[in-house]
Amino acid sequence: MGTLVCLHAHPDDECISTGGTMARAAAEGHRVVLIVATNGEHGEVPDDLADGESLVDRRRDETDASASVLGVQRIVWLGYRDSGMTGWDGNHEPSSFHRADPDEAGERVARVLREERADVFTIYDWHGNYGHPDHVKVHRVGMRAAELVEHPMRTLEATSNRDAMAAMIAQARSSGVDIPLGDDVDAGGHGGAAEEFDPEGPADDGHPFGEPESVITLRVDASDQIATKRASMRCHRSQITDSSFFLEMPDDQFAEVFGSEWFIEHDRTPPYRTGWIFD
């Protein structure tokens with residue numbers, strides 16, 4: 001059996017782009033380790049925080065619950081401050097992940113990879129899927145960490161298939177299905193629905209959402225883990241509420257959207273194949 005280590009930016013990110021892969025790996029007997037870069041200070045603040053409970057406390061508890069659902073055996077918190085969206089004041093906080101030294105942060109991640117003798121390591125694509133500064137930094141820090149590891153290890157960039165998403169949205173609209181996702185909704189499914197979502201339109205960094213299918217190398221079939229993936233999302237009640245885009249979808253639509261997880265492998269070239277991370 002092998003070891004999968006997933007580096008994510010914020011509490012709740014783990015369940016969205018790699019939740020099915022993590023659950024499948026755990027179900028098959030592989031060791032699964034989650035590294036969370038930030039504490040998630042810029043998340044939605046719930047109304048039911050207890051006296052003395054902070055948003056960070058709540059989000060850590062929610063991540064513990066999500067990790068348990070997914071079968072994660074170890075969580076490592078790097079403890080950087082959430083940088084917020086592009087252009088926010090938090091981008092300039094000295095303790096933010098955005099401002100972290102890539103060599104220093106990369107070595108901290110590499111230390112975990114060495115301790116775990118990781119076989120597979122997931123990060124994000126070059127612009128973090130949608131341009132959030134912390135997601136971009138996951139890519140940069142993860143790339144540096146992979147360079148610092150001496151043992152053989154596969155590095156995969158988690159992304160979204162922009163072409164598949166656009167085709168799915170077009171098909172849904174032609175069938176009269178409402179797409180309840182607006183341009184003010186972030187990748188965590190928060191926000192309103194002021195305008196219809198366009199994956200070809202500018203995301204947080206001005207680039208389109210995800211990556212085109214032409215650069216993707218691996219599709220992981222997560223359909224057998226779809227209930228587990230959705231259950232892990234429900235653990236993040238403070239951020240992904242029942243009224244969010246992700247959890248208000250009918251089960252069949254949710255399975256269609258989230259039943260595939262997409263990666264760019266550093267040791268493969270397109271076109272993509274449907275396969276497995278430990279193949």
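Summarised in this report is the structure supplied together with it. (Residues numbered from 1 in each chain as written. Predicted model: local features only at pLDDT ≥ 70, side-chain atom pairs only at ≥ 80, totals over all residues. Heavy atoms only, no water.)

**Remarks on unusual backbone geometry**
The general pattern is negative phi for most residues beyond glycine and trans for most peptide bonds.
Point 1. Between Pro270 and the following residue, Pro271, the backbone shows a cis peptide bond with an omega angle of 5°.
Point 2. Mapped onto the secondary structure, Pro271 falls in the loop between strand 7 (260-265) and strand 8 (273-275).
Point 3. Of note in this structure, Arg117 is not a glycine but carries a positive phi near 50°.
Point 4. You can see Arg117 is positioned in the loop between helix 4 (102-116) and strand 4 (120-124).
Point 5. Taking the relative accessible area as the measure of exposure, Arg117 reaches 54% and is therefore exposed. (Helix = DSSP H or I, 4+ residues; strand = E, 2+ residues; numbered from the N terminus. Buried < 20%, exposed > 50% of the residue type's maximum accessible area, 1.4 Å probe, protein only.)

**A word on the side chain of Thr38**
Point 1. Locating Thr38 in the fold gives a position in strand 2 (residues 31-38).
Point 2. Of the polar contacts made by the side chain of Thr38, one reaches the backbone oxygen of Ala9; its length is 2.9 Å.
Point 3. Looking at Thr38, its side chain comes within polar contact range of the main-chain nitrogen of Gly40, at 3.4 Å.
Point 4. Look past the residues within four positions of Thr38 in its chain and what remains in contact with it is Ala9, His10, Pro11, Trp77, Tyr80, Arg81, Asp82, Phe97 and Asp134. (Polar contact = N/O pair within 3.5 Å; in protein donor to acceptor, adjacent residues only side chain to side chain. Contact = heavy atoms within 4.5 Å.)

Just distances and angles here, no functional claims.
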